[in-house]
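Here is how the chains run, residue by residue.
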Amino acid sequence: MDWIGIERDSGFLGQRPEPLSDEDFARMAKFVKNKFGLDLTGRKAMVESRLVNYLMDRGFDSFSEYLRTIYDGGEEEAANLINRLTTNYTYFLREQEHYDHFMNTFLPAMRNRIAAGELCIWSAGCSFGNEAYTFAACMEDYFEAHGGSACDRRILATDVSRNALIAAKTGIYAEAAMQVMPAIWKVKYFTERNGFYTVNDRLRSQVVFKYHNLMQPIAFKKKFDLIVCRNVMIYFDKPTCAQLIRRFYAATNPGGYLYIGHAEAMPADTPYIREQTAVYRRDR
Ligand SMILES: C[S@@+](CC[C@H](N)C(=O)[O-])C[C@H]1O[C@@H](n2cnc3c(N)ncnc32)[C@H](O)[C@@H]1O
């Protein structure tokens, strides 16, 4: 594994497996859709190209053999499969408009929840943690300027990729990932060593990383004042998105918010109220 937790192939590749048959692909697409929500329609070539080296590296002679280990309950192989089929692309301060809304509208609207020490935020599909740490840094700045409760662990950050979660918890980022970061944040919230930046304890204590598959029921103890689920629904088809949005709604406190990616569409029958592009609110 390298520093961001991505598994590298060993470099000792076995024989090239037989091509992925239409039948195997159809079965695999059904499995992946049911288990993780991913819509693989029309993506056979992408799937094959993303998996072929891994199969050779692990010594599988065919896709059928590999897929059998997954269908037979190989949770680790299923996790590996999802790691290879999704992208964990993310960066600090991605979609700045949300952070502006967060600082100027959301946090002021939540003053009673903050005063009670009850504010709850969920970064769903958090990838390497950049999103959750950015919200944590915004909150630190906000509380520094306006005062706020001393409760910690305000942000739950979840993903289905165990590799991404390991990297997120480690909280070490290369110089390249820090380029959009305000200079003051680099000093306040990170420690630099040999060109790598480690999230400091102050920020880290605001975020809890956990495995959660968005296809599973949402069974967290508390409801959320803000759910951030950006650039995740791009993988799902319309009915899957509509179901997920209903689950999010049930898990949002009255008056709470949902942020989705600016490139993502909200289902037409959404129960949320649209406040601005990619910002939705649950009525009181
Ligand atoms: C492109 S990244 C987006 C990261 C971040 N939200 C952002 O906007 O920068 C998509 C993330 O969604 C995660 N994901 C995909 N399917 C998921 C599922 N069924 N449950 C939870 N996370 C999922 C992937 O593992 C990946 O880390």
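Residues numbered from 1 in each chain as written. Predicted model: local features only at pLDDT ≥ 70, side-chain atom pairs only at ≥ 80, totals over all residues.

Peer 1: Where do I start with the overall build of the protein in this structure?
Peer 2: Across its full length, the protein holds eleven helices and ten strands. Taking 19 Å as the expected radius of gyration for a compact globule of 284 residues, we find that the protein reaches 20 Å, a close match to that expectation. Its C-alpha atoms put the protein at 60 × 50 × 30 Å along the principal axes. Out of the 284 residues in the protein, the part that is buried amounts to 35%. Of the contacts made within the protein by residues no fewer than 6 positions apart, 75% connect residues no fewer than 24 positions apart. (Helix = DSSP H or I, 4+ residues; strand = E, 2+ residues; numbered from the N terminus. Rg over C-alpha atoms; globule rule 2.2 N^0.38 Å. Buried ≥ 20, exposed ≤ 12 C-beta atoms within 10 Å, placed from the backbone. Contact = placed C-beta atoms within 7 Å.)

Peer 1: What am I meant to see in the pairing of strand β9 (residues 273–276) here?
Peer 2: Where a strand is regular, its side chains alternate between the two sheet faces. As defined by bridge partners, β9 adjoins strand β10 (residues 279–281) across three bridges and the pair is classed as antiparallel. Looking at the pairing, I273 lines up with R281 of β10. In sequence, β9 turns back onto β10 through a hairpin of two residues, with A278 there showing a positive phi of about 70 degrees. (Pairing = 2+ DSSP bridges.)

Peer 1: Explain the sheet that holds strand β5 (residues 196–199) here, please?
Peer 2: The strands that make up a sheet pair up through hydrogen bonds in the backbone, lying either parallel or antiparallel. Taken in spatial order, the three strands line up as β3-β5-β4 in an open sheet, and their pairing is antiparallel. The open sheet has two edge strands with one neighbour each: β3 (172–174) and β4 (190–193). Across the sheet, the axes of successive neighbouring strands diverge by a mean angle of 30 degrees, strand direction being ignored. One ladder, built from three bridges, connects β3 with β5; its direction is antiparallel. When the bridges of β5 are listed, A174 appears paired with F196. (Axes fitted to C-alpha atoms, helices over the stretch in contact; angles between N-to-C directions.)

Peer 1: Could you clarify how one ought to interpret the domain arrangement of the protein in this entry?
Peer 2: How big an interface is tends to be expressed through the accessible area that disappears when the partners come together. Here the domain parsing of the protein yields domain 1 (22–85) and domain 2 (96–281). Here the C-alpha centroids of domain 1 and domain 2 sit 30 Å apart. Facing eight residues of domain 1, the contacting portion of domain 2 comprises eleven residues. A total of three residues in the side of domain 1 that touches domain 2 trace back to one element, the largest contributor, which is helix α4 (residues 75–85). Of the residues assigned to the side of domain 1 that touches domain 2, the class counts are four nonpolar, two polar and two charged. (Domains from an automatic or database assignment. Nonpolar A, V, L, I, M, F, W, Y, C, P; charged D, E, K, R; others polar.)

Peer 1: What am I meant to see in the nonpolar core here?
Peer 2: A general feature of soluble globular proteins is that nonpolar side chains tend to end up buried together. In this structure, A136 and I227 are the most contacted members of the largest nonpolar core, which totals 71 residues. Ranked by the residues each element gives to this core, the list is headed by helix α7 (residues 130–146), at six residues. Counting the residues that make up this core, at least three belong to each of domain 1 (22–85) and domain 2 (96–281). (Core = buried A, V, L, I, M, F, W, Y, C linked by C-beta atoms within 7 Å.)

Peer 1: I would appreciate a short explanation of the sheet that holds β10 in the present structure.
Peer 2: Judged by pairing direction, the sheet is mixed, and its seven strands sit side by side in the order β6-β2-β1-β7-β8-β10-β9 without closing on themselves. Strand pairing shows two members of the sheet lacking a second neighbour, β6 (207–211) and β9, which therefore form its edges. This sheet shows a mean twist of 20 degrees between the axes of neighbouring strands, independent of strand direction. Inspection of the sheet shows strand β1 (residues 121–124) paired to strand β7 (residues 224–229) by three bridges, in the parallel sense. Its bridge partner being in β7, W122 is matched across the sheet by I227.

Peer 1: Explanation requested: the site of the ligand in the structure shown.
Peer 2: Around the ligand there are 22 residues in total, and T90, G125, S127, V160 and L214 lie nearest to it. Residues of the shell around the ligand, tallied by class, amount to eight nonpolar, ten polar and four charged. (Near = placed C-beta within 6 Å.)

Peer 1: Got a minute to help me understand the pairing of strand β8 (residues 252–260) in this structure?
Peer 2: The sheet contact formed by β7 and β8 spans five bridges and is parallel. From the neighbouring strand, F224 faces β8, where its bridge partner is T252. The parallel pair β7 and β8, bridged by helix α11 (residues 238–250), forms a crossover whose chirality is right-handed. Judged from the three bridges that link them, β8 and β10 form a sheet pairing that is antiparallel. Along β10, the bridge assignment pairs L258 with Y280. (Right-handed = clockwise from strand over helix to strand, strands pointing away.)

Peer 1: Please explain the environment of H98 as it appears in this structure.
Peer 2: Inspection of the secondary structure puts H98 in helix α5 (residues 96–109). Since 26 C-beta atoms lie within 10 Å of it, H98 is described here as buried. Along the backbone, H98 and Q179 are 81 residues apart, and their C-alpha atoms lie at a distance of 19 Å. Setting aside residues up to four positions removed in sequence, H98 forms contacts with Y259 and A278.

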